[in-house]
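Read off the chains here:
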Amino acid sequence: MKNMHKLAAVAQIKWLCISRNTMIMMGPVMVIAMVEGCKILYGSKSGGGLAPYLTGFLLNLGLSMNICCEGFVMVGTTIAEEKEKHTLRVLMTSSVTGVQYFIGTIIFPFLMLMAVNYIVLLIIGIPFEMIPALPFFLVSVTASLTSCVLGMIVGICAKDQMNASLIVTPFMMIFMLVPVFGNLSEGLHKISGFLFTGVMTGMTECLANGEKYVMTSVDAAVLFGELIISILVFLVLYKRNGYEKD
Amino acid sequence: MEQNVLLSLSHISKRFKTELALRDISMTLSKGEILGFLGPSGSGKTTTIKIITGQLRQTTGEAKLLGTDSANIDASIYEKIGVVSDNSGIYEKMTVWQNLYLFARIWKVPRGRVEQVISQVGLAEHIKKPAGKLSKGQTQRLVLARAVLHKPRVLFLDEPTSGLDPSTAVAIHRMLLDLKEEGMAIFLTTHNMEEAAKLCDKVALLHEGEIVEFGPPQEICLKYNQIKKYHVLLNSNKDLVLEQNSENIGRIARWMEKDQIACIHSCEPTLETVFLEVTGKDLNI
């Protein structure tokens with residue numbers, strides 16, 4: 001890539017913004033702490049080990065929270081913060097292109113999402129030989145990417161950080177709560193199957209039950225379809241006003 | 001001369017829904033020139049900068065920046081221009097050094113240049129300080145430093161000294177004159193008439209989106225110097241402003257003969273009074 005230095009500079013700027021924002025950095029820490037805490041709590045009550053349904057629930061909760069909290073919030077809020085502080089305009093008038101800003105913005109949140117997904121697996125204690133390496137990686141990459149693109153959409157629509165928090169709420173309700181509580185209701189479970197986070201939790205339930213996960217064509221269609229749709233929505237919004245409306 | 005023109009606006013108009021924000025704006029800016037765009041808040045100064053720099057599309061007319069139509073500007077043009085907007089746009093949690101160094105990376109500017117600019121703007125003692133902890137004057141100097149880091153050919157400044165103390169404003173003026181000497185073209189918006197008269201080679205007086213006067217500040221002032229006046233301070237502490245007519249010339253001559261005049265000088269109109277005369281409005285409103 002011709003202008004790699006610009007991409008690297010934008011990514012560094014975004015990393016410094018993220019790492020110095022306590023509220024954002026609390027997201028992954030909370031996910032890890034909550035999963036570890038619940039595991040200890042439930043484990044001590046059931047005499048050490050976790051029942052498969054609890055393992056599944058904790059995995060669902062951890063991964064859904066990770067994908068939603070970090071992806072939507074980390075990406076969306078930092079863009080909103082840049083709008084609020086007028087640094088986005090400075091970046092866009094310093095020869096950084098829309099594509100460079102896009103990649104630079106999502107690269108660190110994406111890597112953090114991926115890392116925390118694996119950390120959650122480790123904490124829950126699923127043996128690595130049980131994890132289907134390629135499908136897990138594929139699902140994890142696609143879901144994390146979709147979440148980051150949805151975060152970009154939140155950022156493009158938000159005027160400031162407060163507004164971003166408001167916009168992100170319905171996204172969280174749908175993509176986080178529906179899969180997490182899918183086991184409690186047949187209806188929610190069905191809806192969950194059509195969400196990219198639902199596909200991810202479906203896979204983790206198999207892992208928790210000690211079953212082999214096989215990606216179905218519906219799972220693949222949901223995962224890639226939602227990624228493509230979110231990219232298209234982002235492009236439509238970007239074409240209309242850029243990252244910031246005048 | 002033509003090849004030195006870095007920016008040209010030709011019959012630019014901008015309409016926001018029902019409001020006409022800019023009306024038939026035409027002007028040029030050449031290498032090593034400072035052009036002042038003067039007008040009260042809401043007169044269309046920032047809109048003009050946004051149109052020239054491709055952040056906003058004009059309704060009619062043509063704007064050319066470094067030979068490129070502003071409607072077709074791509075990111076690469078920003079490597080040749082510097083923009084200081086009315087909002088500082090600094091990363092408050094990053095240090096002064098980081099704020100400059102990261103932009104230096106974007107423009108591929110060597111570290112040495114960053115150090116040079118930091119000392120030029122007098123922020124060498126503050127390089128490790130978070131930018132959010134700088135005073136307003138220091139912040140403005142940081143913003144200016146960032147804008148000139150890559151030695152742009154054209155620099156856009158939107159109210160660069162607004163709200164600053166006089167000594168910081170003077171320091172910024174000095175820096176702008178140095179940049180002009182280096183051949184940089186500067187497009188400056190302000191509502192400070194003194195600043196414009198001191199710095200600018202040409203000024204455009206903007207009123208409700210329309211240029212009502214354009215030219216060198218002195219020429220504009222002299223154009224409106226139809227009724228010549230003299231300010232006379234007599235030894236008796238009597239302070240008088242006299243219009244130039246045969247009667248007053250006789251009075252002044254008599255005072256001079258009797259050595260009664262402590263101080264006398266002509267009263268040419270300032271840009272401020274010209275603006276008031278042309279538009280009937282005060283610039284600071």
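Residues numbered from 1 in each chain as written. Chains lettered and ligands numbered in written order. Predicted model: local features only at pLDDT ≥ 70, side-chain atom pairs only at ≥ 80, totals over all residues.

**Q** Before we go on, may I ask you to explain the overall build of chain B in this structure?
**A** Within chain B, the regular secondary structure consists of 9 helices and 13 strands. Here the C-alpha coordinates of chain B stretch approximately 70 × 50 × 35 Å along the principal axes. Scored against the burial criterion, the 285 residues of chain B give a buried share of 39%. For chain B, contacts bridging at least 24 residues in sequence account for 69% of all contacts bridging at least 6. (Helix = DSSP H or I, 4+ residues; strand = E, 2+ residues; numbered from the N terminus. Buried ≥ 20, exposed ≤ 12 C-beta atoms within 10 Å, placed from the backbone. Contact = placed C-beta atoms within 7 Å.)

**Q** Any chance you could explain the overall build of chain A here in plain terms?
**A** Counting its regular elements, chain A contains 10 helices and 0 strands. For chain A, the succession of helices and strands along the chain, N to C, is α-α-α-α-α-α-α-α-α-α. Relative to a compact globule of 246 residues, whose C-alpha radius of gyration would be 18 Å, chain A shows 18 Å and is just as compact. Principal-axis analysis of the C-alpha atoms gives chain A an extent of 60 × 35 × 35 Å. Looking at chain A residue by residue over its 246 residues, the buried ones come to 47%. (Rg over C-alpha atoms; globule rule 2.2 N^0.38 Å.)

**Q** Sorry if this is basic, but what is going on with the confidence of the model for chain B here?
**A** Segments scoring low in pLDDT should not have their predicted coordinates read at a detailed level. Residues and elements named next belong to chain B. A residue-level look at chain B finds 98% of positions with pLDDT of 70 or above and a mean pLDDT of 91. Within chain B, no element has a lower average pLDDT than helix α9 (residues 271-279), which sits at 86, and none a higher one than helix α2 (residues 96-107), at 96. Scored by ipTM, the complex comes to 0.86, with pTM at 0.87. (pLDDT = per-residue confidence, 0-100.)

**Q** Would you take a moment to explain the interface of chain A and chain B for this structure?
**A** A common measure of how large an interface is: the accessible area buried when the components associate. Counting from both sides, the interface comprises 20 residues of chain A and, opposite them, 23 residues of chain B. When contributions to the side of chain A that touches chain B are tallied by element, the ones reaching two or more residues are α1 (4-19) and α4 (87-92) of chain A. At 8 residues, α1 of chain A tops the list of elements feeding residues into the side of chain A that touches chain B. Here the residues of the side of chain A that touches chain B are counted per class, giving 7 nonpolar, 8 polar and 5 charged. (Nonpolar A, V, L, I, M, F, W, Y, C, P; charged D, E, K, R; others polar.)

**Q** Quick question: what am I supposed to make of helix α8 (residues 246-257) of chain B here?
**A** In an α-helix, one turn spans 3.6 residues; hence positions three or four apart end up facing the same way. Helix length check: α8 of chain B, at 12 residues, gives a terminal C-alpha distance of 16 Å against a target of 16 Å (1.5 Å per residue), a fit within 8%. Of the residues one or two after α8 of chain B, D259 of chain B is the one with positive phi, at around 55 degrees. (Expected span 1.5 Å × (residues − 1).)

**Q** Explanation requested: the environment of L177 of chain B in the structure shown.
**A** All names here are of chain B. Residue placement: L177 occurs in helix α5 (residues 166-181). Using a count of 13 C-beta atoms within 10 Å as the deciding quantity, one classes L177 as partly exposed. Spatially, the C-alpha atom of L177 lies 9.4 Å from that of C200, the residues being 23 residues apart in sequence.

**Q** Is there a simple way to explain the pairing of strand β1 (residues 5-16) of chain B in this structure?
**A** Residue and element names in this part refer to chain B. With 8 bridges connecting them, β1 and strand β2 (residues 19-30) associate as antiparallel partners. Paired with R15 across the two strands is L20, which belongs to β2. Pairing analysis gives 5 bridges linking β1 to strand β4 (residues 60-65), with the strands arranged antiparallel. Note that in β4 the partner of S13 across the bridge is T60. (Pairing = 2+ DSSP bridges.)

**Q** Looking at this structure, how should I read the nonpolar core?
**A** Nonpolar side chains in soluble globular proteins generally cluster together in the buried interior. L100, A145 and I186 of chain B are the most contacted members of the largest nonpolar core, which has 138 residues in total. The dominant element in this core, judged by the number of residues it contributes, is helix α3 (residues 52-84) of chain A, at 15 residues. (Core = buried A, V, L, I, M, F, W, Y, C linked by C-beta atoms within 7 Å.)

**Q** What should I look at first to understand the packing of α2 of chain B against helix α3 (residues 111-120) of chain B in this one?
**A** When two helices pack together, their arrangement is given by the angle between the helix axes and the distance between those axes. Residue and element names in this part refer to chain B. Contact geometry of α2 with α3 gives a least axis separation of 10 Å together with a crossing angle of 140 degrees. The angle between α2 and α3 falls in the class oblique. Considering the relative orientation of α2 and α3, their crossing is right-handed. Contact residues: L100, Y101 and A104 in α2; R113, V114, V117 and I118 in α3. In the contact of α2 with α3, the residues fall into 6 nonpolar, no polar and 1 charged. (Axes fitted to C-alpha atoms, helices over the stretch in contact; angles between N-to-C directions. Parallel < 35°, antiparallel > 145°, perpendicular 65-115°, else oblique. Left-handed = near helix turned anticlockwise from the far one by under 90°.)

**Q** Any chance you could explain helix α4 (residues 136-148) of chain B here in plain terms?
**A** Residues and elements named next belong to chain B. Given a rise of 1.5 Å per residue, 13 residues ought to cover 18 Å, and the 19 Å separating the end C-alpha atoms of α4 matches this to within 8%. Within α4, 10 of the 13 residues are buried, which leaves it mostly tucked inside the rest of the structure. For α4, the set of buried residues is T139, Q140, R141, L142, V143, L144, A145, R146, A147 and V148. Residues of α4 that are buried sit in contact with β6 (81-84), α2, α3, β7 (154-158) and α5.

**Q** Can you help me understand the packing of helix α2 (residues 22-45) of chain A against helix α5 (residues 98-124) of chain A in this one?
**A** Residue and element names in this part refer to chain A. Following both chains from N to C, one finds α2 and α5 inclined at 10 degrees, their axes separated by 10 Å at the closest point. One element, α2, and the other, α5, form an angle in the roughly parallel class. Facing P28, V31, I32, V35, E36 and K39 of α2, the residues of α5 in contact are M112, V116, I119, V120, I123 and I124. Across the contact of α2 with α5, the residue classes tally to 10 nonpolar, no polar and 2 charged.

**Q** Can you help me understand the pairing of strand β3 (residues 34-38) of chain B in this one?
**A** On any regular strand, side chains alternate: one points to one face of the sheet, the next to the other face. All names here are of chain B. Counting buried positions over the 5 residues of β3 gives 5, a clear majority of the element. Both faces of β3 are covered, namely the face carrying I34, G36 and L38 and the face carrying L35 and F37. Relative to strand β8 (residues 185-190), β3 runs parallel, the two being bridged by 5 bridges. Bridging across to β8, I34 finds its partner in I186.

**Q** Is there a simple way to explain the sheet that holds strand β13 (residues 261-266) of chain B in this structure?
**A** Each strand in a sheet pairs with its neighbour through backbone hydrogen bonds, running either in the same direction (parallel) or in the opposite one (antiparallel). Residues and elements named next belong to chain B. Strands sit in the order β12-β11-β13 across an open sheet of 3 strands; the sheet is antiparallel. In the strand order of this sheet, the two ends are held by β12 (239-243) and β13, each with one partner. Within the sheet, the average angular offset between the axes of one strand and its neighbour, ignoring direction, is 20 degrees. Bridge count for strand β11 (residues 229-234) against β13 is 5 bridges, and the pairing is antiparallel. Within β13, the position partnered with L233 by the bridge is C263. Strand contacts of α8: β11, β12 and β13, with the helix running at about 30 degrees to β11, the strand carrying the most contacts.

**Q** Sorry if this is basic, but what is going on with unusual backbone geometry here?
**A** Most peptide bonds are trans, and most residues other than glycine sit at a negative phi. Backbone geometry at H86 of chain A places phi at a positive 65 degrees, although glycine is not the residue there. A count of 15 C-beta atoms within 10 Å places H86 of chain A in the partly exposed class. The phi torsion at K108 of chain B lies on the positive side, around 60 degrees, for a residue other than glycine. The exposure class assigned to K108 of chain B is exposed, which follows from the 12 C-beta atoms found within 10 Å.

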